[in-house]
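# Working through the structure, step by step
Spelled out, the chains give:
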Amino acid sequence: MANAATQAKPLHIGNATRLGFEAALLAARGMEANPFILDDIPGCSGFSAFYGVYQPKPLPAPGDHREFLLEKQDIAFKRFPAHLGMHWVVDAALSVRNLFVHYAGSFSPALIRTIVLKIPVSKYINRPFPSSEHQARHSFQFNACAALLDGEVGLGSFTESSIHRQELRELLDKVVVEHPEDNVANFDKMYGEVALLLHSGDVLTGKCDTFYGHWRKPLSKESLLKKFRSNASHVLPEEKIETIISTVDNLENLSDSSQLACSL
């Protein structure tokens with residue numbers, strides 16, 4: 001997890017895939033290894049020899065009263081380039097921001113005494129003062145405050161100049177994090193809640209249990225195209241962007257992927 005907020009993170013997926021494939025090939029050729037590697041056995045047999053918190057549990061077979069999450073969930077699309085968990089807290093922050101603007105007439109940070117985030121326990125995305133782009137993309141605190149300050153979160157939110165803004169740092173200083181027991185680190189059950197405790201004594205609260213883009217609340221095609229055009233515009237000319245969109249729309253009728261590859 002040390003590389004979760006770094007450019008090295010994608011390499012972990014590739015290496016895990018490579019090693020899994022390699023293990024399958026070696027097993028197919030008769031190579032043997034410790035059959036208890038994933039078991040909780042005292043000594044040096046399993047993961048518990050190195051990870052004291054490792055507590056494996058039996059995986060029940062699906063039946064009449066059990067189902068796997070993957071059986072009922074669909075794909076979740078991120079609206080902005082950050083850890084998926086950030087989308088709950090951003091939508092909650094945007095919700096309470098709207099209440100605050102209606103309350104005060106505009107967004108005025110000086111009226112805010114404390115910002116309370118109610119989020120799941122997840123150490124690697126609990127980053128009070130991120131100092132880099134990748135840390136900011138993995139910070140509940142940063143994404144909530146960026147949404148409050150700017151009314152949106154996008155590519156521009158994670159530039160060096162945006163991250164180190166004085167007004168953003170002042171908002172981060174006001175953040176207090178709470179971890180309610182019912183808010184579990186699970187993309188199916190978690191929620192994000194942002195409360196603004198004002199100097200006047202009033203409290204404004206926004207909460208999100210299903211962000212726009214979650215499989216329970218999928219993005220529309222228009223929203224997906226808006227996201228793609230926005231992101232692709234940083235590296236591709238408009239003509240190529242529209243060609244890619246047209247090609248993907250017709251992907252099932254293509255004989256091979258060369259046409260798409262030539263547009264990238």
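Thresholds, definitions, all that
Residues numbered from 1 in each chain as written. Predicted model: local features only at pLDDT ≥ 70, side-chain atom pairs only at ≥ 80, totals over all residues. Heavy atoms only, no water. Disulfide = S-S within 2.5 Å. Pairing = 2+ DSSP bridges. Helix = DSSP H or I, 4+ residues; strand = E, 2+ residues; numbered from the N terminus. Axes fitted to C-alpha atoms, helices over the stretch in contact; angles between N-to-C directions. Contact = heavy atoms within 4.5 Å. Salt bridge = Lys/Arg side-chain N within 4 Å of Asp/Glu carboxyl O. Buried < 20%, exposed > 50% of the residue type's maximum accessible area, 1.4 Å probe, protein only.

### Some thoughts on the state of the cysteines
Scanning the entire structure with this criterion turns up 0 disulfides. Note on cysteine 208: no disulfide assigned, nearest cysteine sulfur contributed by cysteine 145 at a separation of 17 Å.

### Structural notes on the sheet that holds strand 1 (residues 112-118)
As summarised here, the arrangement of the 4 strands in space is 2-1-3-4, forming an open sheet in which the pairing is mixed. With one partner strand each, in any of the chains shown, strand 2 (175-178) and strand 4 (203-208) form the two edges of the open sheet. Here the strands of the sheet are splayed against their neighbours by 20 degrees on average, with no regard to which way each runs. The pairing of strand 3 (residues 192-198) with strand 4 spans 6 bridges and is classified as antiparallel. Considered in strand 4, the bridge of leucine 196 is made with leucine 204. Strands in contact with helix 5 (residues 140-150) are strand 1, strand 2 and strand 3; relative to strand 1, the strand with the most contacts, it is inclined by about 130 degrees.

### Remarks on the pattern of salt bridges
Counted according to the given criterion, the structure contains 8 salt bridges. Taking the shortest distance from any N to any O, the salt bridge between arginine 165 and aspartate 150 comes out at 2.9 Å. With arginine 165 in the loop between helix 6 (160-163) and helix 7 (166-172) and aspartate 150 in helix 5, the pair connects residues that are 15 residues apart, well separated along the chain. Residue classification places arginine 165 among the buried positions, given a relative accessible area of 18%. With its nearest N and O atoms 2.8 Å apart, the salt bridge here joins arginine 229 to glutamate 242. Here arginine 229, found in helix 8 (residues 221-232), pairs with glutamate 242, found in helix 9 (residues 238-249); they are 13 residues apart in sequence, far enough to count as distant.

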